[in-house]
Amino acid sequence: MPPKIQQSKAAKAAAAMAGSKKSKKKWSKGKVKDKAQHAVILEQDKYDRIMKEVPTYRYVSVSVLVDRLKIGGSMARVALRQLENDGVIKPVLLHSKQQIYTRATASE
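Now for a description of the structure that goes with this document. (Residues numbered from 1 in each chain as written. Predicted model: local features only at pLDDT ≥ 70, side-chain atom pairs only at ≥ 80, totals over all residues. Heavy atoms only, no water.)

Section: the packing of aromatic side chains
Alright, step 1. A complete count under the given rule lists zero aromatic pairs for this structure.
Alright, step 2. The residue whose ring lies beneath arginine 68 is tyrosine 57, and the NZ or CZ to ring-centre distance is 4.3 Å. (Phe/Tyr/Trp six-rings, centres within 6.5 Å; stacked < 30°, edge-to-face > 60°. Lys NZ or Arg CZ within 6 Å of the ring centre and 35° of its normal.)

Structural data, given as structure tokens:
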């Protein structure tokens, strides 16, 4: 078997570069959730909607108001306190982190 002929440095570098030409794996960016555009200032139409719709909900909490009415959390907490003072909703669970209310029916 004849001895192997040594490649020059330039030939070795060219062979190494040719081997690394394979395309790299493209990673997906993942799903990006849209930024919520919730109202932070109470306008008359939002106020009317809160007063009309919320007393009909069976389960009322800050997260329910934020999700359904597209309002900020601080505004939802204020609305819940106001509705409770008016006697429209009644508390089920009052905790510092989560307040749960239900509609106040006439029979109860």
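From this point on, the discussion continues.
Focus: the packing of helix H3 (residues 62–69) against helix H4 (residues 73–86)
Alright, step 1. Axis separation between H3 and H4 bottoms out at 9 Å; the angle between their running directions is 115°. For the pair H3 and H4, the sense of crossing is right-handed. For the pair H3 and H4, the contacting residues are Val62, Leu65 and Val66 in the first and Gly73, Ala76, Arg77, Ala79 and Leu80 in the second.
Alright, step 2. Class assignment of the residues belonging to the contact of H3 with H4 gives a composition of six nonpolar, one polar and one charged. (Axes fitted to C-alpha atoms, helices over the stretch in contact; angles between N-to-C directions. Helix = DSSP H or I, 4+ residues; strand = E, 2+ residues; numbered from the N terminus. Left-handed = near helix turned anticlockwise from the far one by under 90°. Contact = heavy atoms within 4.5 Å. Nonpolar A, V, L, I, M, F, W, Y, C, P; charged D, E, K, R; others polar.)

Concerning H3
Alright, step 1. Of all the residues in H3, the buried ones are Val62, Val64, Leu65, Val66 and Leu69.
Alright, step 2. Next to the buried residues of H3 lie helix H2 (44–53), strand E1 (60–61), H4 and strand E3 (99–103).
Alright, step 3. Positioned one or two residues after H3, lysine 70 has a phi angle of 55°, which is positive. (Buried < 20%, exposed > 50% of the residue type's maximum accessible area, 1.4 Å probe, protein only.)

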